[in-house]
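# Structural features, examined
Listed here are the chains, written in short residue letters.
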Amino acid sequence: MNCPNCGWPMNEKHELTKITDTEIIFTVDCKECSVIGNFNMNKQKYESKRSV
């Protein structure tokens, strides 16, 4: 995922990831411009994107 502010790749904060039965809530940050975001994603969709 790229930063919506500057376009640089964002880093996922794995220690802040929360998993429910159907959703994954993860936090990303950008080292270039200090943008931080929290995102919810369907668990199956998240796992399929990470396996690629």
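Attention in this report is confined to the structure presented alongside it. Quick caveat, the model's predicted, so the values are computed rather than measured.

### Brief notes about the pattern of salt bridges
Overall, the coordinates contain one salt bridge when judged by the stated rule. Notably, a salt bridge pairs K13 with D29, separated by 3.4 Å at the nearest N-O pair. One end of the pair, K13, is in the loop between β1 (11-12) and β2 (18-19); the other, D29, is in strand β3 (residues 23-29), and 16 residues separate them in sequence. Owing to a relative accessible area of 29%, K13 belongs among the partly exposed residues under this scheme. Since its relative accessible area comes to 16%, D29 is described here as buried.

### Here's the deal with the side chain of D29
One polar contact links D29 to K13, side chain to side chain, over a distance of 3.4 Å. Apart from the residues within four sequence positions on either side, D29 is in contact with M10, N11, K13, V35 and I36.

Conventions used here
- Residue numbers run consecutively from 1 along every chain, following the written order of its sequence.
- Given that this is a predicted model, residues contribute local features only at a pLDDT of at least 70 and side-chain atom pairs are listed and counted only at 80 or more, while totals for whole chains, interfaces and linings are drawn from all residues.
- Heavy atoms from the whole structure form the basis of all side-chain values; hydrogens and water molecules are not counted.
- By salt bridge we mean one thing: a side-chain nitrogen of Lys or Arg within 4 Å of a carboxyl oxygen of Asp or Glu.
- Here a helix means four or more residues in a row that DSSP labels H or I, a strand means two or more in a row labelled E, and each is numbered from the N terminus.
- Each residue gets one of three labels from its accessible area relative to the maximum for its type: buried under 20%, exposed over 50%, partly exposed in between, using a 1.4 Å probe on protein chains only.
- Any N or O atom pair separated by 3.5 Å or less is treated as a polar contact, with the protein-specific requirement of one donor-capable and one acceptor-capable atom, and with residues adjacent in sequence counted only for side-chain atom pairs.
- The contact definition used throughout considers only heavy atoms, calling two residues in contact when any of these lie within 4.5 Å.

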